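So the chains spell out like this:
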Amino acid sequence: MAKTTTRAVFWLWSALAGVVSAAVFLAVAEALALITDRNGSPILAVGGFVIDIVPQPFKEFAIATFGEYDKIALLVGLGLAVLIASAIAGVLQFLKPPLGVIALVIAGVLSVAAIVTRAGASAISAIPAVAGTVASCLLLWFLIFRLRRWAAVDLEANGSADQNDSAKNVDRRTFFAVSAIAGASAVLVGVGARVVNVATSSIDSVRKALKLPAPRSTVSIPAGAELDIEGVSSLVTSNEDFYRVDTALTVPSIDPASWRLKITGMVDEDVELSFDDLTAMGLDEFAITLTCVSNEVGGDLLGNAIWLGVPVRDVLRKAGVKSGADMVLSRSVDGYTASTPLESLTDDGLDAILAVGMNGEPLPLEHGFPVRMVVPGLYGYVSATKWLTELKVTTFAEDEAYWTPRGYSAKAPIKFSSRIDTPRPGTPITAGRTAIAGMAWAQTVGIERVEVKIDDGDWQNATTSEPINNDTWVQWYLDWDAEPGTHYVSVRAVNKNGDLQVVERAPIAPDGSAGWQRTLVTVS
């Protein structure tokens, strides 16, 4: 008597067929993207689309939860979504053909739409997704066709002798053989194509070989600029530790030899600069602290670096800015845009620069190689465009940048603030003499003093380090005779204009968080 298979098991096999078909879709698309257009990767295009459309609260949650690993978390999430959706498509094709194939076609159309709407995409960019869709649909149809024939014989047998056992075994063996071969091939081809894509498009070797001209002027670090206190952030943040927040799902690879910067819009004449043109203007060092608008009170989404670059005002002067302009719309190679007030870029007293170096070396790839903007006093989302390709002189009334329609202000001066680095919350300290220490920043104005309060006591003046300049953060500390128990430690800053740091709490959107940090310290 032939052994029968339950209907639920056939649903499981049909789900497997859907997953294998989706894997083939991705593998074919990735392989063809190597030949036609590297921007034709569906998973990356869809990921970029998701980044663009996800509501602002979810963006903040992702940054706060995953930090610099938010892109990896997104890719993992997309992978799980593809896995579940493709399994459902397989079951649909088994139960109600051709619904599963239709589902794959819809997924393919959405992938094509995501690809062709990305910056720098062309009609050729859609070829990988189209080919992948056709291959996956044909495979799903074939696998489910075999599975349904096998199921028809097996389920109708109902425990009786199977007169068509030979035909059933052929369908079963064919289903599993094709599924195994297609699945294994998809993994090998897909992963191999992605690895080759990354390896061959990597510009890291070019970056390492790049020799930047020596700076005409260098940053002088004054004595007393860095305090010797354990647990306090470094005066200069290393490139490896510098925060990264951007919308790029993968880091763009741009060869300085082919890089061009266009200055367009409300200018006397359009100008195009090569990398050599830019560096030939003369490079200088600038110490500037950058802050992300997503930085919470007491957060670490800020860092201080020694940048090497050219003042933006010198570049704009080459094109000639027309009267009436009040904004520069900077554009990244991946389509990202930022709206920077024109006055912040042309003011002789502000060191807004086009940076090519960071802490003594060419910009790291993830920090904008070969050229990015660095503007003191403004949150990064309106000023710190990475992988820069265009400066459009325009007006706030005429143009809108990436984050403005997503709930953020078009102009975003940094709110000066302070932070406790040590003692850290959740890390008990022993009773006795200890240092409370941290950082404070008021870009373009400078920090006058920092004050600390223990529990409900009086505010006490902390000792601050010597600032490099008004565009950088300072370290501070207060010696404390810690007594056993739990204590609340608060910090606030006063800038050189005499303004007291805002006490009222404000959320990240629309223009940055605010409030005094107050942290609980346990003394044993």
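Residues numbered from 1 in each chain as written. Predicted model: local features only at pLDDT ≥ 70, side-chain atom pairs only at ≥ 80, totals over all residues. Heavy atoms only, no water.

Check the secondary structure of the protein and you find eleven helices and 18 strands. Counting only C-alpha atoms, the protein reaches 95 × 65 × 45 Å along its principal axes. Residue burial in the protein is summarised as follows: out of 524 residues, 50% are buried. Look at the contacts in the protein between residues 6 or more apart in sequence, and 76% of them connect residues 24 or more apart. Summed over its atoms, the accessible surface of the protein is roughly 23,600 Å², and 57% of this surface lies on carbon and sulfur atoms. Across the protein, the centroid of the 41 positively charged side chains sits 10 Å from that of the 56 negatively charged ones. (Helix = DSSP H or I, 4+ residues; strand = E, 2+ residues; numbered from the N terminus. Buried < 20%, exposed > 50% of the residue type's maximum accessible area, 1.4 Å probe, protein only. Contact = heavy atoms within 4.5 Å. Areas by Shrake-Rupley, 256 points an atom, 1.4 Å probe, with all protein chains shown as cover. Lys, Arg positive; Asp, Glu negative; His and termini not counted. Charge placed at Lys NZ, Arg CZ, Asp CG, Glu CD.)

Time to look at the pairing of strand 12 (residues 432-441). With seven of its ten residues buried, strand 12 lies for the most part within the structure. When strand 11 (residues 417-422) meets strand 12, the two strands line up antiparallel, connected through five bridges. By the bridge assignment, Ile420 is partnered in strand 12 with Gly438. (Pairing = 2+ DSSP bridges.)

On the basis of which strands lie adjacent, the open sheet formed by four strands has the order 14-13-17-18 and antiparallel pairing. The sheet is open, and its two edges are formed by strand 14 (460-461) and strand 18 (517-523), each paired on a single side. Note that strand 17 (residues 485-495) and strand 18 share seven bridges and pair antiparallel. Bridging from a neighbouring strand, Thr486 pairs with Thr522 of strand 18.

To continue, consider the layout of surface pockets. Estimates place the volume of the second largest pocket at around 820 Å³. Taken together, 39 residues make up the lining of the second largest pocket; nearest its centre are Ile63, Asp70, Lys71, Val245 and Asp246. Looking at the lining of the second largest pocket, the elements that each hand over two or more residues are helix 2 (42-53), helix 3 (56-66) and helix 4 (70-95). Looking at the lining of the second largest pocket, the element that brings in the most residues is helix 3, giving seven residues. (1 Å grid on protein atoms, 1.4 Å probe; cavity = no way out; pocket = protein on both sides within 12 Å on 5 of 7 lines; lining within 4 Å. Points joined across faces, edges and corners; volume = space filled by probe spheres on them.)

With that out of the way, let us pick up the packing of helix 2 against helix 5 (residues 99-116). Between helix 2 and helix 5, the shortest axis-to-axis distance is 8 Å and the interhelical angle comes to 70°. Relative to helix 5, helix 2 is oriented roughly perpendicular. Contacts between helix 2 and helix 5 pair Pro42, Ala45, Val46 and Phe49 from the former with Ser111, Ala114 and Ile115 from the latter. The residue makeup of the contact of helix 2 with helix 5, split by class, is six nonpolar, one polar and no charged. (Axes fitted to C-alpha atoms, helices over the stretch in contact; angles between N-to-C directions. Parallel < 35°, antiparallel > 145°, perpendicular 65-115°, else oblique. Nonpolar A, V, L, I, M, F, W, Y, C, P; charged D, E, K, R; others polar.)

Another aspect to go through is the environment of Trp307. The residue Trp307 is located in strand 4 (residues 302-311) in this model. In terms of polar contacts, Trp307 uses its side chain to reach the backbone carbonyl oxygen of Ile288, at 3.2 Å. Within the structure, Trp307 has its side chain in polar contact with the backbone oxygen of Ala305 (distance 3.5 Å). (Polar contact = N/O pair within 3.5 Å; in protein donor to acceptor, adjacent residues only side chain to side chain.)

Let's shift gears to unusual backbone geometry. For the bond running from Phe369 to Pro370, omega is 10°, close enough to zero to count as cis. Cis rather than trans, the peptide bond between Ala509 and Pro510 has omega equal to 10°. Tracing the backbone through its elements, the reader meets Pro510 in the loop between strand 17 and strand 18. Backbone geometry places Asn359, a non-glycine residue, at a positive phi of 55°. Considering the arrangement of structural elements, one finds Asn359 in the loop between strand 7 (353-358) and strand 8 (361-362). Since its relative accessible area comes to 23%, Asn359 is described here as partly exposed. Backbone geometry places Asp455, a non-glycine residue, at a positive phi of 55°. Inspection of the secondary structure puts Asp455 in the loop between strand 13 (447-454) and strand 14. The class of Asp455 is partly exposed, set by a relative accessible area of 27%.

Attention now goes to helix 3. Turning to helix 3, its buried residues number three or more, namely Gln56, Lys59, Glu60 and Ile63. The buried residues of helix 3 all sit within an arc of 95° when viewed along its axis, so they share a single face. Opposite the buried face of helix 3, at more than 90 degrees from it, the exposed residues are Pro57, Phe58 and Phe61. On its buried face, helix 3 is in contact with helix 2 and helix 4. Among the residues trailing helix 3, Gly67 stands out with phi positive, at a value near 60°. (Arc of directions from axis to C-beta.)

By the criterion of burial, strand 10 (residues 388-394) is predominantly enclosed, with six of the seven residues buried. Where strand 1 (residues 260-265) meets strand 10, four bridges bridge the pair, whose relative direction is parallel. Residue pairing in the sheet places Ile263 in a bridge with Leu391 of strand 10. Bridging between strand 5 (residues 327-332) and strand 10 involves six bridges; their strand directions are antiparallel. Considered in strand 10, the bridge of Val328 is made with Val393.

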